[in-house]
Amino acid sequence: MTETNPVRPVPVDRISAWDFEADVVIAGYGIAGVCAAVGAADAGADVLVLERTGGWGGAAALAGGFVYLGGGTAVQKACGFEDSVDDMRAFLTAALGPGVDEEKIAAYCAGSVAHFDWLVGCGVPFKHEFWGEPGWEPPTDAGLQYTGGENSAPYATVARPAPRGHVPQMSDKRTGEQGGGYMLVKPLAEKAAALGVRAEYDVRVQTLVTDASGRVVGVLAKRYGTDVAIRARRGVVLATGSFAYNDDMVRAYAPHLVGRPAASIEEHDGRAIRMAQALGADLAHMDATEVAFFCDPQLIARGILVNGRGQRYVPEDTYPGRIGQLTLLKNDNEAFLVIDEESYEAGVAAPTSSPQLRHQPKWVCETVAELEAEMGLPERALQSTVEVYNLHAERGADPLLGKKREWVKPIGSPVAAIDLRGMTGGFTLGGLRTSLHAEVLHVDGAPIPGLYAAGRAAAGLSAWGYCSGVSLGDGSFFGRRAGIAAAGG
């Protein structure tokens, strides 16, 4: 989209009358917004949520539903996994970097168990069952999975591995329609309603309202083309999502995602970020992106991934989002999965949540030399890659990239290659720079009075890397903090 409406703040003396008023006004009713609403209402504030669509949920309700939590949650303990705050912090610092906000990661990890307990207390259900197969998410209602490559190279040597992807229990999940994320947001929305939180739908925020001191005291919005003025007596929370569907912003900050937004909703247009920028708000990690890799992990783990030069570049049993990032950002978005017939058949027979990502091979040959020629790779490029891989695979090892022994098997014949060039898409992770209490920070480092942000409108835990569950994790954690801080005025 291209900006057509001004985002510069409006002085309060230009507002002749308020259409709505509340102590805390929240823009957006996804995971960050609903947690901000519950947090503020619990703190005693009168809360109003403005949502541009016809109901609560946002991108979170359409997502798989992972919340990245650890340090010894009840689900981890019930499934027999030991975890610590130190291990969680060490892993996230390595996996989400370089350039992470170490204070935010430390606070998130230290508060992780308490945040899990808070979600459960709000009615979010988690089944005490671990899903250990490769996959984007469990095809069952299991509540725990590795979602960041914690038990894969190189991270398994950084910190003691533990699964931290917690997904709400839900049957008949339909990711993109009604996934596990729906069962995350629904109880929270019900909790908010029980606390007296009001919601106005089909209201799209346009700009912020400030007083003579520069404090944010409200927002202007549109509803069916009509201007609406909303007063915030204590604070405004921006929780409107990423800028993945703002073409101008993507070109400027994350051009590798141009034409390939995924795993978000079109309402993620970055307007709230622009509104805060107009007040002098600072930004962080605007080039950071989650990148999905559109192939079933049950197949990926059983083969070898090579780039356009026929070389391996990632352990195939790691978190598929890391595969996506390295493919798009480091390997020209070119990938081929080389796999033999036996392994392919085993992969398509394995349980999965993403059968639509089980692609057919494009090339099938008796020998690697023939496959290499059919793929148009330089002579001996793929052959040498497979030769080295098989040499070590005979001993169940992968000294080059560290794939786990259980997935290391020599590539036999017949052998095939699945064409995965361009099979990536993602969403943006950068946004407004915020404090530990979700205050939006000016470029001079000071908080902008009355303004808070959380979720993908803010720069959260990710600086470059990503793990499934980090968006819903930091969105819910810092969203709640934003609501509490705004309620305190």
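Residues numbered from 1 in each chain as written. Predicted model: local features only at pLDDT ≥ 70, side-chain atom pairs only at ≥ 80, totals over all residues. Heavy atoms only, no water.

The chain carries the name FAD-dependent oxidoreductase in an unreviewed UniProt entry, which gives Rhodococcus indonesiensis as its organism.

Student: Could you clarify how one ought to interpret the overall build of the chain in this entry?
Tutor: Summing up its helical and strand segments, the chain has 14 helices and 20 strands in all. The C-alpha radius of gyration computed for the chain amounts to 23 Å, which stays within 12% of the reference 23 Å derived for 489 residues, consistent with globular compactness. With respect to the principal axes defined by its C-alpha atoms, the chain has extents near 80 × 45 × 40 Å. Out of the 489 residues in the chain, the part that is buried amounts to 59%. Carbon and sulfur atoms form 49% of the exposed surface of the chain, whose accessible area is close to 18,100 Å². (Helix = DSSP H or I, 4+ residues; strand = E, 2+ residues; numbered from the N terminus. Rg over C-alpha atoms; globule rule 2.2 N^0.38 Å. Buried < 20%, exposed > 50% of the residue type's maximum accessible area, 1.4 Å probe, protein only. Areas by Shrake-Rupley, 256 points an atom, 1.4 Å probe, with all protein chains shown as cover.)

Student: Sorry, what's going on with the packing of helix 4 (residues 102-110) against helix 14 (residues 470-487) here?
Tutor: For any two helices packed against each other, one specifies the crossing angle of their axes together with the interaxial distance. Two elements in contact, helix 4 and helix 14, have axes whose closest approach is 11 Å; the angle formed by their N-to-C orientations is 90 degrees. Overall, the two elements helix 4 and helix 14 adopt an arrangement that is roughly perpendicular. Contacts between helix 4 and helix 14 pair Lys104, Ala107 and Tyr108 from the former with Gly473, Asp474, Phe477, Phe478 and Arg481 from the latter. Of the residues assigned to the contact of helix 4 with helix 14, the class counts are four nonpolar, one polar and three charged. (Axes fitted to C-alpha atoms, helices over the stretch in contact; angles between N-to-C directions. Parallel < 35°, antiparallel > 145°, perpendicular 65-115°, else oblique. Contact = heavy atoms within 4.5 Å. Nonpolar A, V, L, I, M, F, W, Y, C, P; charged D, E, K, R; others polar.)

Student: Help me understand empty space enclosed by the protein in this model?
Tutor: Inspection of the entire model under this criterion finds two cavities of 30 Å³ or more. As a volume, the largest cavity reaches approximately 70 Å³. Considering the residues around the largest cavity, the lining is formed by 13 residues, among which Lys104, Thr434, Ala458, Gly460 and Phe478 are closest to the centre. For the lining of the largest cavity, the class distribution of residues is six nonpolar, four polar and three charged. Taken as a whole, the second largest cavity encloses approximately 30 Å³ of empty space. In terms of lining residues, the second largest cavity is bounded by Arg302, Gly303, Ile339, Asp340, Ser343, Lys409, Pro410 and Ile411. Among the residues making up the lining of the second largest cavity, the classes are represented as three nonpolar, two polar and three charged. (1 Å grid on protein atoms, 1.4 Å probe; cavity = no way out; pocket = protein on both sides within 12 Å on 5 of 7 lines; lining within 4 Å. Points joined across faces, edges and corners; volume = space filled by probe spheres on them.)

Student: Would you explain the nonpolar core in this entry?
Tutor: If you look at soluble globular proteins, the nonpolar side chains tend to sit buried side by side. Judged by nonpolar contacts, the single largest core of 85 residues is most densely connected at Val47, Leu92, Leu188 and Leu305. If sequence neighbours within four positions are ignored, Leu188 has contacts with Ile31, Val34, Cys35, Val38, Trp118, Leu119, Cys122 and Val124. By size, the runner-up hydrophobic cluster in this structure holds 37 residues, among which are Val205, Ala221, Ala281 and Leu328. (Core = buried A, V, L, I, M, F, W, Y, C linked by side-chain atoms within 4.5 Å.)

Student: Just to check I follow, could you spell out the sheet that holds strand 4 (residues 67-68) for this structure?
Tutor: Think of a sheet as strands paired side by side through backbone hydrogen bonds, with each pair either parallel or antiparallel. In spatial order, the strands read 4-6-5; together these three strands make up an open sheet with antiparallel pairing. Only two strands of the sheet have a single partner each, and these edge strands are strand 4 and strand 5 (144-145). Inspection of the sheet shows strand 4 paired to strand 6 (residues 165-166) by two bridges, in the antiparallel sense. Residue pairing across strands places Tyr68 opposite Gly165, the latter belonging to strand 6. (Pairing = 2+ DSSP bridges.)

Student: Help me out: how do you make sense of the pairing of strand 9 (residues 216-223) in this one?
Tutor: Side-chain direction in a regular strand flips from residue to residue, so the side chains alternate between the two faces of the sheet. Here six bridges tie strand 8 (residues 204-210) to strand 9, and the two strands are oriented antiparallel to one another. Residue pairing in the sheet places Arg204 in a bridge with Lys222 of strand 9. The turn joining strand 8 and strand 9, which pair antiparallel and follow one another in sequence, is formed by five residues; a positive phi near 95 degrees is taken by Gly214. As paired elements, strand 9 and strand 10 (residues 226-238) share six bridges and run antiparallel to each other. Within strand 10, the position partnered with Leu220 by the bridge is Ala229. Count of turn residues in the strand 9/strand 10 antiparallel hairpin: two residues, of which Tyr224 carries a positive phi of about 55 degrees.

Student: Just to check I follow, could you spell out the sheet that holds strand 15 (residues 363-365) for this structure?
Tutor: Taken in spatial order, the four strands line up as 13-14-16-15 in an open sheet, and their pairing is antiparallel. The open sheet terminates on both sides in strands that have one partner only, identified here as strand 13 (304-306) and strand 15. Adjacent strand axes in the sheet meet at a mean angle of 20 degrees when their direction is disregarded. Sitting on the sheet, helix 12 (residues 368-375) touches strand 14 (336-340), strand 15 and strand 16 (415-419), and the angle it makes with strand 15 is about 150 degrees.

Student: I'm lost on the pairing of strand 2 (residues 20-27) in this one. Help?
Tutor: In terms of burial, strand 2 is largely enclosed, as six of its eight residues are buried. Where strand 2 lies against strand 10, seven bridges are found, and the strand directions are parallel. Its bridge partner being in strand 10, Phe20 is matched across the sheet by Ile230. Judged from the four bridges that link them, strand 2 and strand 3 (residues 47-51) form a sheet pairing that is parallel. Residue Ile26 lies in a different strand from strand 3, and its bridge partner there is Val49. For the crossover that starts at strand 2, traverses helix 1 (residues 31-42) and ends in the parallel strand 3, the hand is right-handed. (Right-handed = clockwise from strand over helix to strand, strands pointing away.)

Student: Is there a simple way to explain the packing of aromatic side chains in this structure?
Tutor: Enumeration according to the criterion identifies 13 aromatic pairs in this entry. Here Phe336 and Trp363 contribute two aromatic rings whose centre-to-centre distance is 5.9 Å and whose plane-to-plane angle is 55 degrees, an arrangement assigned as tilted. Taken as a pair, Phe336 in strand 14 and Trp363 in strand 15 lie far apart in primary sequence, 27 residues in all. By relative accessible area, which is 11% here, Trp363 ends up buried. (Phe/Tyr/Trp six-rings, centres within 6.5 Å; stacked < 30°, edge-to-face > 60°.)

Student: I'm lost on a negative patch on the surface in this one. Help?
Tutor: A surface patch of negative charge is lined by Glu341, Glu342, Glu345, Glu366, Glu370 and Glu374. It is helix 11 (residues 341-349) that contributes the most residues to the negative patch, three residues altogether. Position of Glu345 among the secondary structure elements: in helix 11. (Patch = residues over 30% accessible without salt bridge, like charges linked within 9 Å, V, L, I, M, F, W, Y side chains within 5 Å. Salt bridge = Lys/Arg side-chain N within 4 Å of Asp/Glu carboxyl O. Lys, Arg positive; Asp, Glu negative; His and termini not counted. Charge placed at Lys NZ, Arg CZ, Asp CG, Glu CD.)

Student: What exactly am I supposed to notice about helix 1 here?
Tutor: With twelve residues, helix 1 extends 16 Å between its outermost C-alpha atoms, agreeing within 8% with the 16 Å of an ideal straight helix rising 1.5 Å per residue. The buried fraction of helix 1 is high, at eleven of twelve residues. Every buried residue of helix 1 is accounted for by Ile31, Ala32, Gly33, Val34, Cys35, Ala36, Ala37, Val38, Gly39, Ala40 and Ala41. Backbone geometry just downstream of helix 1 places Gly44 in the positive-phi region, at approximately 95 degrees. (Expected span 1.5 Å × (residues − 1).)

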